[in-house]
Amino acid sequence: MDGMASERLKEIVNWPGQGVHRVPYRVYTDPDVYAEEQRRLFRGPVWNFIGMALEVPETGCFVTRYVGDTPVVMVRDEDGAINVMANRCAHRGNLVCTQSCGRAEHFTCVYHNWIYDLKGALTSVAFRRGVGGKGGMPDDFDMADHRMPALRAETFCGMVFATFDAAAPSLTDYLGDEMRDNIERVVGRRMTLLGTYSQYMPNSWKLYMENVRDSYHASLLHMFQASFGINRLTMDGGIRLSDDGWHHVSYSKEATDKDGEATYSGKKLRAMDHGFALADPSLIDRWPEFGCGTTLAIQSVFPNFIVQQIYNSIALRLCVPRGPEECELMWWVLGAEDDTPEQHEIRIRQSNMIGPGGLISMEDGVVGGWVQRATRRDGDATTILEMGGRDVAPSQGSRATETSIRGFWTGWRATMGV
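Residues numbered from 1 in each chain as written. Predicted model: local features only at pLDDT ≥ 70, side-chain atom pairs only at ≥ 80, totals over all residues. Heavy atoms only, no water.

1. Considering the pattern of salt bridges
Just so we agree on the cut-off: Think of a salt bridge as a Lys or Arg side-chain nitrogen and an Asp or Glu carboxyl oxygen that are within 4 Å of each other. Segments assigned H or I by DSSP are reported as helices when at least four residues long, segments assigned E as strands when at least two residues long, and all are numbered from the N terminus. The classification of residues rests on relative accessible area computed with a 1.4 Å probe and restricted to protein chains. Under 20% of the type maximum is buried, over 50% is exposed, and intermediate values are partly exposed.
Within this structure, the stated rule accounts for 21 salt bridges. Between E36 and R40 there is a salt bridge; the shortest N-O distance is 2.6 Å. Pair noted here: E36 and R40 are both in helix α2 (residues 31–41), with a separation of four residues, about one helical turn. The shortest N-O distance in the salt bridge between R180 and D177 comes to 2.5 Å. Placement of both R180 and D177 in helix α3 (residues 171–187) is noted, with a separation of three residues, approximately one turn of the helix. Taking relative accessible area as the criterion, D177 reaches 53% and is therefore assigned exposed. Sharing partners across several salt bridges, the network here consists of R189, E289, D339 and R347.

So, in structure tokens, the structure goes:
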């Protein structure tokens, strides 16, 4: 069946022969491609971000999330372990947890009152023996054989990941040294949750993940970043990739921008075509939090997870597929437990740069929808990903490159078999 499905998928996608620097628009719209992603990719040999361990601090605390578009529940059990299970009753497939978060001694499916413990094991079936000696489950029905499906779960730097694939590598091996180093730099300490955002976008989840990896656009689309010198291609920085190219970090250092104003102003760029100023300059007050001098770093972990550092604004993002042409972007805005009151206030103010209405992020929230509308009827045409070459390789010296987007498509093609 997999062989037949692979051939069918190849026919639908009709991928051109140029590797990963050409991408057919059909992959952003086709419902069969989307369905295969749920099976091959999100249930394949990848690790999916579920949430932060601090969201389930005590026994019975739970949150409901998604792996791809499959509902899951993350819960801390009596032993202190964090479990992730498919949020589905073994009986008739109903959602077991219908709340977004809470605390429970056990999970009860409201449909027929089947009860599960905090590890997902079935512990009770209503009227299992029938009523008055009639009806009920067969004598050989064994509750141990019917549970909420369990995922493998591992935690790194307080972040919980899970996979459906028993053969997937360990989480640390999946991330690799380069990616672990940046995660540890940004959130490798006791963090606090300052708040959350969520937004729907009228575009494929893949278009948003391309955008996240697109260091070329950051100071061209985002007027706020270019105008106030937050991120420009004239700053020192680069692209770091995992060994397989699937994950990336794009970073820059503000203090190294020696000729950015002249370079950007001289090119008649839209992002510099303005007369804007900050009425309240404290919006971008900051302190040197990281000894390496990095002032901006955007990291993506394949397939759909992001770690963000913009000045002192630290956040996690998860792009959840909501169908072939829609997605939901979830944000976790973070602080550190040892922040001073002044640092806490700076992080809160800087959070205005991100989220659905963020002074930086708002353009990302619309541009994917524009691409979706413009390409929907031209599935065999292709995007061009040739900035910085046609291969997948780290770029230490320049962020005028699309190498990390090509890395995303390397991972996508490997897991999808096309």
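Once you've had a look at it, read on.
2. So, the layout of surface pockets
A water-sized probe rolled over the atoms picks out the places where empty space is left. The condition that has to hold: Both site types are read off a 1 Å grid over the protein atoms alone. A 1.4 Å probe that fits but cannot get out defines a cavity, while an open set with protein on both sides within 12 Å along at least five of seven lines defines a pocket; lining residues have an atom within 4 Å of a point. Grid points are joined across faces, edges and corners, and a volume is the space filled by probe spheres set on the points. Classes in brief: Ala, Val, Leu, Ile, Met, Phe, Trp, Tyr, Cys and Pro nonpolar; Asp, Glu, Lys and Arg charged; the others, Gly included, polar.
The calculated volume of the largest pocket comes to roughly 420 Å³. Along the walls of the largest pocket sit 22 residues, with E210, N211, D214, H217 and V371 positioned nearest its centre. At the level of secondary structure, the elements contributing two or more residues to the lining of the largest pocket comprise α4 (205–213), α5 (218–221), α9 (361–375) and β19 (382–384). A class-by-class count of the residues in the lining of the largest pocket yields 13 nonpolar, five polar and four charged.

3. Quick look at the packing of α4 against α9
As a reminder, the rule being used: The convention used is that axes are lines fitted to C-alpha atoms, helices contributing only their stretch in contact, and that angles between N-to-C directions extend from 0 to 180 degrees. Orientation is classified from the angle alone, with under 35 degrees giving roughly parallel, over 145 giving roughly antiparallel, 65 to 115 giving roughly perpendicular, and any other angle giving oblique. It is the rotation of the near helix from the far one that decides the hand of a crossing: anticlockwise by less than a right angle makes it left-handed, clockwise makes it right-handed. Residues count as neighbours in contact if any of their non-hydrogen atoms are within 4.5 Å of one another.
Where α4 contacts α9, the axes come no closer than 10 Å and their chain directions differ by 125°. One finds that α4 runs oblique with respect to α9. Judged by the twist between their axes, the crossing of α4 over α9 is right-handed. Taken together, the residues of α9 that come into contact with α4 (itself represented by L207, Y208 and N211) are D364, V367, G368, V371 and Q372. For the contact of α4 with α9, the class distribution of residues is four nonpolar, three polar and one charged.

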